[in-house]
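Single-letter residue listing:
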Amino acid sequence: MRKAIFPGSFDPITNGHYDIIKRAIPLFDEIVVAIGINADKKYMFTLDERKRFIEEAFADYPSVSVVTYEGLTIDLCKREKAGFILRGLRNPADFEFEKAIAHTNRLLSKIETVFLLTAAKTSYISSSIVRDVIRNGGDYTVLVPDSVRLKQ
């Protein structure tokens with residue numbers, strides 16, 4: 001069974017994340033979207049909200065599940081019996097950053113990282129941009145899946 005962990009903070013999930021997951025579904029038998037918990041980071045959305053956004057976005061995809069975790073992603077991979085880490089790349093800076101992490105993960109665990117390039121139409125979207133648009137009252141809905149809606 002080909003099982004992948006797609007780690008991130010997903011604060012919130014964006015159309016770029018959504019696109020990567022959708023395109024990865026045919027590549028893996030199971031994809032676990034893993035929301036990392038970092039006590040030092042201040043999030044706009046609660047852990048429960050972020051989890052619900054993803055679960056609702058992929059409710060019709062039984063091969064996609066959501067977990068939360070603390071610690072190393074490779075430790076989560078071992079617990080989940082996942083042989084792959086899935087990552088999206090938006091630009092060359094993402095590649096350089098992710099390459100170092102992938103090499104380290106493979107050295108420590110033999111777990112392979114699979115990179116998918118973001119679609120051109122979503123390559124500019126980041127969670128930090130979405131949060132900035134929300135904070136400033138802009139129309140964030142074009143940047144996120146339908147499950148990410150704030151009560152107005």
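Keep in mind that what you see is a predicted model, and the values were worked out from it rather than measured.

Calculation rules
- Residues numbered from 1 in each chain as written.
- Predicted model: local features only at pLDDT ≥ 70, side-chain atom pairs only at ≥ 80, totals over all residues.
- Heavy atoms only, no water.
- UniProt positions renumbered as here; feature names shortened; annotations may be inferred.
- Contact = heavy atoms within 4.5 Å.
- Helix = DSSP H or I, 4+ residues; strand = E, 2+ residues; numbered from the N terminus.
- Buried < 20%, exposed > 50% of the residue type's maximum accessible area, 1.4 Å probe, protein only.
- Polar contact = N/O pair within 3.5 Å; in protein donor to acceptor, adjacent residues only side chain to side chain.
- Pairing = 2+ DSSP bridges.
- Axes fitted to C-alpha atoms, helices over the stretch in contact; angles between N-to-C directions.

A. Inspection of the UniProt feature "binding site: substrate" (unreviewed entry) in the chain at higher detail. Using the residue numbers shown here, the UniProt feature "binding site: substrate" (unreviewed entry) corresponds to Ser 9, Lys 41, Thr 73 and Arg 87. Non-local contacts of Ser 9, meaning those with residues more than four positions away in its chain, are made with Ile 35, Gly 36, Lys 41, Tyr 43 and Arg 50. Within the secondary structure, Thr 73 sits in helix H3 (residues 73–80). A relative accessible area of 17% means that Thr 73 is categorised as buried. With residues up to four places along the chain from it excluded, the contact list for Thr 73 reads Ile 5, Pro 7 and Ile 85. Within the structure, Thr 73 has its side chain in polar contact with the side chain of Tyr 69 (distance 2.7 Å).

B. Layout of the sheet that holds strand S3 (residues 64–69). A sheet is described by the order of its strands in space; here five strands give the open sequence S3-S2-S1-S4-S5, paired in parallel fashion. Each of the sheet's edge strands pairs with one partner strand only, and the pair in question is S3 and strand S5 (112–117). When strand polarity is set aside, the average angle formed by the axes of neighbouring strands in this sheet is 30°. As paired elements, strand S2 (residues 30–36) and S3 share six bridges and run parallel to each other. Counted as the bridge partner of Ile 31 is Val 64 from S3. Sheet strands in contact with H3 are strand S1 (3–8), S2, S3 and strand S4 (84–89), and its direction is about 145° off that of S1.

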